[in-house]
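The residues making up each chain are set out below.
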Amino acid sequence: MSFKKSAMKVREAVKKHHKWMEECLTMIASENVSSALVREVTASDFGHRYAEGSPGERLYQGCKYIDEVEIIAVELAKKLFRAEYVNVLPTSGTVANLAAYSALAQPGDVMMALAVPHGGHISHAELSAAGVRGLKVKSFPFDSEAMNIDVEKSVEKIREVKPKIMLFGASVFLFPHPVRELREAANEAGAAIVYDAAHVLGLIAGKQFQDPLREGADIVTSSRHKTLPGPQGGLILSKEEYGKKIGRAVFPGLVSNHHLHHLAGLAVALAEMLEFGEAYARQMIKNSKALAQSLHECGFNVLCEKKGFTQSHHVVVDVSKNGGGSKVAEALEKANILINKNLLPWDDITNAKNPSGIRLGTQELTRVGMKEKEMKEIARLFKRAIIDKEIANVRRDVIEMKKSFKKVKFCFDREEAYKYYEFF
Ligand code: DSN
């Protein structure tokens, strides 16, 4: 293939991907779609430039508008999250976590976090960012029925292992974590509390989840592209007293040039969340509750029935009786329903390739205007695909359903200029 053909093939693949996504129910809980305005500024010349340093004190010329945008982004984030200090430089949630670890702990120190089968993110584990910083990770005791950290057992373990960092937050995150309940134990142990808000940042912004900075977290780390619908990247919020250490850990520590086009997209997404975030987050949670209830009524083993299934955008289903997470996720993909397989607390981590569960997210479907009525319909589509094995018919019905949900909502209206998925 000629080089030009390769380049054209890439372009063609991107176009096909856009069309496919348009025809799918996109329910992977760590993703979202950004608005036309976010996409416009993210595709801008900012992506070609360097701006090491901070606004007004750059190591490069040509940064006056980049400075303007960075100042706006920081101000908007401070307002949205009532944070004293904001760092918008991390290029991912994992980089944000590594910066927090570097600011707070030394190699050999102990960190407590959730184990991966209990929902902990890979960057909370020794095989990833925590290990890169040389931390010894001890798991919070977990209550698998409540799908949450066990407070009483954790108090005992905190006294025993004396962590330097207690890390809350997870990639399976159905209910708020007990930050307030464990603050005193952290104080006794001399531990700082870090809260990884990647999954729930948009819910926090919309005031529909816990407020970690008010409940006792010292530092909040996050990505920017899950329930908060910005372009990919990372973010750190904290009390003022941690600002200098975090600032140094990020630059020059872990990031040289931050991704300036994504910074511009983040600033627009933050403004949109200040304007529309509450309504968006409220609907997201209504949708996940409706989806969980309907899946349960369709015969699926949805976790945490007694607790109302979920208080976030996540719904978790044990599909071990339906062939396991891998088989179910692959079958749904053939029906144009995109979800991911997921470890459940009772799964062995070595079973990651075929775990018992699937994790669903309602954030992207909510973003394109779906409500409780559509969640019921989607649960029926799951039943038809997985239990009745009508893959081809379900695929046809998904494509038909998606035709009415092409526009991104909860954002400033730029429809005259750009249409959803047609930016390029
Ligand atoms: N691994 C991502 C998730 O799907 O939760 C977060 O980075």
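Look up: the structure comes first, before these words.
Residues numbered from 1 in each chain as written. Predicted model: local features only at pLDDT ≥ 70, side-chain atom pairs only at ≥ 80, totals over all residues. Heavy atoms only, no water.

**Q** When you look at the packing of helix H3 (residues 64-81) against helix H11 (residues 260-297) in this model, what are you seeing that I'm missing?
**A** Packed helices, taken two at a time, are described by the angle their axes make and the gap between the axes. Between H3 and H11, whose axes approach to 9 Å, the crossing angle comes to 35 degrees. Along this stretch, H3 crosses H11, giving a crossing that reads as left-handed. When H3 is examined against H11, the residues Ile 66, Val 69, Glu 70, Ala 73, Leu 76, Ala 77, Lys 79, Leu 80 and Phe 81 are found in contact with a partner set consisting of Leu 260, Leu 263, Ala 264, Ala 267, Leu 270, Ala 271, Met 273 and Leu 274. Grouping the amino acids of the contact of H3 with H11 by side-chain chemistry returns 15 nonpolar, no polar and two charged. (Axes fitted to C-alpha atoms, helices over the stretch in contact; angles between N-to-C directions. Helix = DSSP H or I, 4+ residues; strand = E, 2+ residues; numbered from the N terminus. Left-handed = near helix turned anticlockwise from the far one by under 90°. Contact = heavy atoms within 4.5 Å. Nonpolar A, V, L, I, M, F, W, Y, C, P; charged D, E, K, R; others polar.)

**Q** It is not clear to me how the site of the ligand should be interpreted in this structure. Could you clarify?
**A** The full set of residues close to the ligand is Ser 30, His 121, Ser 171, His 199, Lys 226 and Arg 359. Within the side chain of Ser 30, a nitrogen or oxygen atom sits 2.9 Å from an oxygen atom of the ligand. Between His 121 and the ligand, the recorded distance is 2.9 Å, taken from a side-chain N or O atom to an oxygen atom. Considering the ligand on its own, with 240 Å² of exposed area, one finds that the protein chains cover 63% of that surface. Residues of the shell around the ligand, tallied by class, amount to no nonpolar, four polar and two charged. (Near = heavy atom within 4 Å. Polar contact = N/O pair within 3.5 Å; in protein donor to acceptor, adjacent residues only side chain to side chain. Areas by Shrake-Rupley, 256 points an atom, 1.4 Å probe, with all protein chains shown as cover.)

**Q** Is there a simple way to think about the sheet that holds strand S17 (residues 357-361) in this case?
**A** Sheet strands pair via backbone hydrogen bonds, and the direction of the pair is either parallel or antiparallel. Spatial ordering of the open sheet is given by S13-S14-S17-S16, a layout of four strands whose pairing is antiparallel. A strand with exactly one partner marks an edge of an open sheet, and here the two such strands are strand S13 (301-302) and strand S16 (340-342). In the sheet, strand S14 (residues 314-318) pairs with S17 via five bridges, with the strands oriented antiparallel. Bridge pairing links His 314 to Gly 361 in S17. In the packing of H11 onto the sheet, contacts are made with S13, S14 and S17, and the angle to S14 comes to roughly 20 degrees. (Pairing = 2+ DSSP bridges.)

**Q** What exactly am I supposed to notice about helix H7 (residues 179-189) here?
**A** Think of an α-helix as turning once every 3.6 residues; residues three or four places apart then point the same way. Looking only at H7, the buried set comprises Val 179, Leu 182, Arg 183, Ala 185 and Ala 186. For H7, the secondary structure elements touched by its buried residues are strand S8 (148-149), helix H6 (151-161), strand S9 (165-168), strand S10 (192-196) and helix H9 (212-215). A positive phi of about 75 degrees marks Gly 190, the residue just after H7. (Buried < 20%, exposed > 50% of the residue type's maximum accessible area, 1.4 Å probe, protein only.)

**Q** Mind showing me how you'd approach the nonpolar core here?
**A** The nonpolar side chains of a soluble globular protein tend to be buried, and buried together. With 93 residues, the main nonpolar core has Phe 81, Met 166 and Tyr 195 as its most contacted residues. Take this core: its biggest share by element is 11 residues, from H11. Once residues within four sequence positions are removed from consideration, Phe 81 is found in contact with Leu 201, Ile 204, Ala 205, Leu 213, Arg 214, Leu 228, Leu 235, Leu 237 and Leu 270. One finds Ile 337, Ile 358, Met 370 and Met 375 within the second-largest nonpolar core, a separate group that totals 36 residues. (Core = buried A, V, L, I, M, F, W, Y, C linked by side-chain atoms within 4.5 Å.)

**Q** Would you mind going over the sheet that holds strand S11 (residues 219-223) with me for this structure?
**A** Pairing in this open sheet of seven strands is mixed, and the strands run S4-S12-S11-S10-S9-S5-S6 from one edge to the other. A strand with exactly one partner marks an edge of an open sheet, and here the two such strands are strand S4 (85-87) and strand S6 (136-139). Strand after strand, the sheet turns through a mean of 20 degrees between neighbouring axes, direction not considered. Direction of pairing for strand S5 (residues 110-113) relative to S9: parallel, over a ladder of two bridges. Counterpart to Met 112 in the pairing with S9 is Met 166. Sitting on the sheet, helix H10 (residues 243-254) touches S4, S11 and strand S12 (234-238), and the angle it makes with S4 is about 5 degrees.

**Q** So what exactly am I meant to see when it comes to the pairing of S5 here?
**A** Each regular strand shows side chains that alternate between the opposite faces of the sheet. Neither face of S5 is exposed, since Val 110 and Met 112 on one face and Met 111 and Ala 113 on the opposite face are all buried. Across four bridges, the pairing between S5 and S6 is parallel. Paired with Val 110 across the strands is Lys 136, a residue of S6.

**Q** How should the packing of aromatic side chains be read in this particular structure?
**A** Two numbers describe a pair of aromatic rings. These are the distance of the centres and the angle of the planes. Taken as a whole, this structure holds six aromatic pairs when the rule is applied. On the basis of an interplanar angle of 35 degrees and a centroid distance of 5.1 Å, the ring pair of Tyr 280 and Phe 410 is categorised as tilted. Placement of Tyr 280 in helix H11 and of Phe 410 in the segment after helix H15 (391-402) is noted, with a sequence separation of 130 residues between them. Above the ring of Phe 175, the side-chain terminus of Lys 307 is found at 3.7 Å from the ring centroid. Residue placement shows Arg 367 over the ring face of Tyr 280; its charged tip is 5.7 Å from the ring centre. (Phe/Tyr/Trp six-rings, centres within 6.5 Å; stacked < 30°, edge-to-face > 60°. Lys NZ or Arg CZ within 6 Å of the ring centre and 35° of its normal.)

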